[in-house]
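Architecture at a glance
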Amino acid sequence: MAKVTLKNLTKQFDEVTAVDKMNTIIEDREFVVLVGPSGCGKTTTLRMVAGLEEVTGGEIYIGDRIVNDVPPKDRDIAMVFQNYALYPHMNVYDNMAFGLKLRKTPKPEIQQRVEEAARILKIEQLLKRKPKQLSGGQRQRVALGRAIVRDPKVFLMDEPLSNLDAKLRVQMRTEIAKLHQRLNATIIYVTHDQTEAMTMADKIIIMKDGIVQQIGKPQVVYDHPNNMFVAGFIGSPAMNFSDVKITDDLKLYNKNFTLDTSKKIKDIIEKNNLKGKEVVLGIRPEDLEDSEFIPEAKEGNTIKSKVEVTEPMGAEIYVYIDIDGVLTTARVSPRSKVKDGGMIDLFVNLDQLHLFDKKTEKAYI
């Protein structure tokens, strides 16, 4: 396998900059997920690595070789597409073998590779079927198998699970993660689904408007987002934001609530000279709980509000309250007796608060 290095990688379409001076190293055998909303540049980045899109500026290295002008077939990569891209007139075996036949690989080796890939993906019984006879999940396995048989240095996957139903997507996430462990492969995976990014990746790259916002291990990015975009994009339901003023006695004041500050937040306030200033407070839904279940709940660590609506989810209840005209989400215990239109006292985990600059939206650390 091989590492992939992107140096100042840029792609422009006329006046639009789709990818802007991207710099990152994807280590050998690493599973890296490019994540972001539609139009952020993640698929364009993948297509440049594959050689399917011409580079406007910068350099792409696969291993120690610069591949900007190397044709896709000579980059030793395999790509798995969102729409599977199977040949409808060929059976599964021939679809998986096609790339090897083009390379004039000996027939016995082709058979051995196809059968091994089919075993790994548990599709041995499908080898004689045509794509139209397969379910979406089976077609996706065939597309993965076609990539596996080539034994490439790098696997590129462009939203491979987006056409599957929710249950199958969860199952295939697990399958691809297991596949990565088994193949010890370098994988670059594109998705707009932050749950896929969090559950599958060794490292995630969050993009917005062609610009990399943050790179890091999923849990680190979740716990320490660089800015409000990352904080709001990673995590489901999304982080809540409210404008607050930091009082002289280091409390967080909003006309709807006043919160005490933990030592961590006090240190951030002192370090950044925020006393008396207005900032944006970020609170994740899981850091808001019905105070009925929290013995240490008291004035200073609670927010009292009218409940707009509730969503029972089985293992938890999503509670929506109105703060400054914005719906704020809490994830509370399923034992809560909260009701639509009623009042709730929400305990706030003061150790897990985030502060952001109102103008730059960058996190204070």
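Residues numbered from 1 in each chain as written. Predicted model: local features only at pLDDT ≥ 70, side-chain atom pairs only at ≥ 80, totals over all residues. Heavy atoms only, no water.

**Observations concerning the packing of helix α2 (residues 92–102) against helix α4 (residues 136–149)**
- One way to put it is that α2 packs onto α4 with a least axis distance of 8 Å and a crossing angle of 30°. Judged by the angle between their axes, α2 and α4 are roughly parallel. Two packed elements cross with a definite hand, and for α2 against α4 that hand is right-handed. Along the contact surface, α2 presents Val92, Asn95, Met96 and Leu100, while α4 presents Val142, Gly145, Arg146 and Val149.
- In terms of residue class, the contact of α2 with α4 is made up of five nonpolar, two polar and one charged. (Axes fitted to C-alpha atoms, helices over the stretch in contact; angles between N-to-C directions. Helix = DSSP H or I, 4+ residues; strand = E, 2+ residues; numbered from the N terminus. Parallel < 35°, antiparallel > 145°, perpendicular 65-115°, else oblique. Left-handed = near helix turned anticlockwise from the far one by under 90°. Contact = heavy atoms within 4.5 Å. Nonpolar A, V, L, I, M, F, W, Y, C, P; charged D, E, K, R; others polar.)

**Let's talk about the sheet that holds strand β6 (residues 77–80)**
- Strand order in this open sheet of six strands is β6-β7-β8-β3-β9-β10, and the pairing throughout is mixed. Of all strands in the sheet, those with a lone pairing partner are β6 and β10 (211–216), marking the two edges. If you compare each strand with its neighbour and ignore which way they point, the axes differ by 15° on average.
- Here four bridges tie β6 to strand β7 (residues 154–158), and the two strands are oriented parallel to one another. Counted as the bridge partner of Ala78 is Phe155 from β7. (Pairing = 2+ DSSP bridges.)

**Digging into the side chain of Asp290**
- Relative to the helices and strands, Asp290 is located in strand β15 (residues 288–290).
- Among buried Asp, Glu, Lys and Arg side chains, Asp290 stands out as unpaired, with Lys337 the closest opposite charge at 8.2 Å.
- A polar side-chain atom of Asp290 sits 2.6 Å from a polar atom in the side chain of Ser336.
- Apart from the residues within four sequence positions on either side, Asp290 is in contact with Val332, Ser336, Ile344, Asp345 and Leu346. (Buried < 20%, exposed > 50% of the residue type's maximum accessible area, 1.4 Å probe, protein only. Lys, Arg positive; Asp, Glu negative; His and termini not counted. Salt bridge = Lys/Arg side-chain N within 4 Å of Asp/Glu carboxyl O. Polar contact = N/O pair within 3.5 Å; in protein donor to acceptor, adjacent residues only side chain to side chain.)

**As for unusual backbone geometry**
- A cis amide bond links Ser236 to the next residue, Pro237, at an omega of -5°.
- Positive phi is not limited to glycine here, since Lys122 has a value of about 60°.
- Of note, Lys122 is situated in the loop between α3 (107–121) and α4.
- Positive phi values are uncommon outside glycine, yet Asn273 reaches one of about 55°.

**Focus on the packing of aromatic side chains**
- With the rule as written, the count across this model stands at four aromatic pairs.
- Geometrically, the ring pair formed by Phe229 and Phe233 is stacked, given 5.7 Å between the ring centres and 20° between the ring planes. Residue Phe229 and its partner Phe233 are located together in helix α8 (residues 228–233), separated by four residues, close to a single helical turn.
- The exposure class of Phe233 is buried, given its relative accessible area of 16%.
- Positioned above the aromatic ring of Tyr222, the side-chain terminus of Arg284 is 3.9 Å from the ring centre. (Phe/Tyr/Trp six-rings, centres within 6.5 Å; stacked < 30°, edge-to-face > 60°. Lys NZ or Arg CZ within 6 Å of the ring centre and 35° of its normal.)

**Overview of the sheet that holds strand β17 (residues 317–323)**
- Read from one edge of the open sheet, five strands run β15-β19-β16-β17-β18, paired in antiparallel fashion. Strands with a single pairing partner mark the edges of an open sheet, and in this sheet they are β15 and β18 (326–332). Neighbour-to-neighbour, the strand axes of this sheet turn through a mean angle of 50°, independent of strand direction.
- Direction of pairing for strand β16 (residues 302–312) relative to β17: antiparallel, over a ladder of five bridges. When the sheet's bridge partners are listed, Pro312 is paired in β17 with Ile317.

**Considerations on the pattern of salt bridges**
- Throughout the structure, instances matching the rule amount to 15 salt bridges.
- Of the charged contacts, one joins Lys203 and Glu30 as a salt bridge, the two residues approaching to 3.3 Å between their closest N and O atoms. Of this pair, Lys203 sits in strand β9 (residues 203–208) while Glu30 sits in the loop between β2 (16–26) and β3 (31–35), and the two are 173 residues apart along the sequence. Both residues of the pair, Lys203 and Glu30, belong to the buried class.
- Each of the salt bridges in this network shares a partner with another, and the network as a whole consists of Glu116, Arg119 and Arg182.

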